[in-house]
Amino acid sequence: QVQLVESGGGLVQAGGSLRLSCAASVSAVSIVTMGWYRQAPGKQRDLVASITRTGDTRYADSVNGRFTISRDNAKTTVFLQMDSLKPEDTAVYYCKLNVIWSASDYWGQGTQVTVSL
């Protein structure tokens, strides 16, 4: 059973930083892509950043230059370093995993990020 364990959300003032982590219970060779999505109240869930097995990264325009996605040496945990946070970054952040042996998307439980003025 695939599990994604997220951590690192919280409350921060505008201009501050947070670091999210997501650990996957699969082997690195199984991973196609891992990414972070976010969903604010009343809005759809949108891509924030993703990283492929080969290390290619992708960012939403709204976070490019402020957020950085990375992974550990084992390539089964991804991190999202969020700097220069803005109130509009407030949302529940979800980790998503895609693996080579399934067409399904696997999601974490979500972690709340709240940025105050």
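Please read all numbers here as calculations on a predicted model, not as lab measurements.

## Section: the layout of surface pockets
And step 1. Empty space within the largest pocket amounts to approximately 260 Å³.
And step 2. Looking at the lining of the largest pocket, the elements that each hand over two or more residues are β4 (31–39) and β5 (46–52).
And step 3. The leading source of residues in the lining of the largest pocket is β5, at three residues.
And step 4. Its residues assigned to classes, the lining of the largest pocket shows five nonpolar, four polar and seven charged.

## Some details on the nonpolar core
Where a protein is soluble and globular, its nonpolar side chains tend to be buried together.
And step 1. Among the nonpolar cores identified, the biggest contains 29 residues, and Met34, Trp36, Leu80, Met82, Tyr93 and Leu97 are the most heavily contacted of them.
And step 2. The dominant element in this core, judged by the number of residues it contributes, is strand β9 (residues 91–99), at five residues.
And step 3. Once residues within four sequence positions are removed from consideration, Met34 is found in contact with Leu4, Cys22, Ala24, Ser50, Ile51, Ile69, Thr76, Val78, Cys95, Lys96 and Leu97.

Thresholds, definitions, all that
- Residues numbered from 1 in each chain as written.
- Predicted model: local features only at pLDDT ≥ 70, side-chain atom pairs only at ≥ 80, totals over all residues.
- Heavy atoms only, no water.
- 1 Å grid on protein atoms, 1.4 Å probe; cavity = no way out; pocket = protein on both sides within 12 Å on 5 of 7 lines; lining within 4 Å.
- Points joined across faces, edges and corners; volume = space filled by probe spheres on them.
- Helix = DSSP H or I, 4+ residues; strand = E, 2+ residues; numbered from the N terminus.
- Nonpolar A, V, L, I, M, F, W, Y, C, P; charged D, E, K, R; others polar.
- Core = buried A, V, L, I, M, F, W, Y, C linked by side-chain atoms within 4.5 Å.
- Buried < 20%, exposed > 50% of the residue type's maximum accessible area, 1.4 Å probe, protein only.
- Contact = heavy atoms within 4.5 Å.

Any functional reading would require information beyond the geometric quantities listed.
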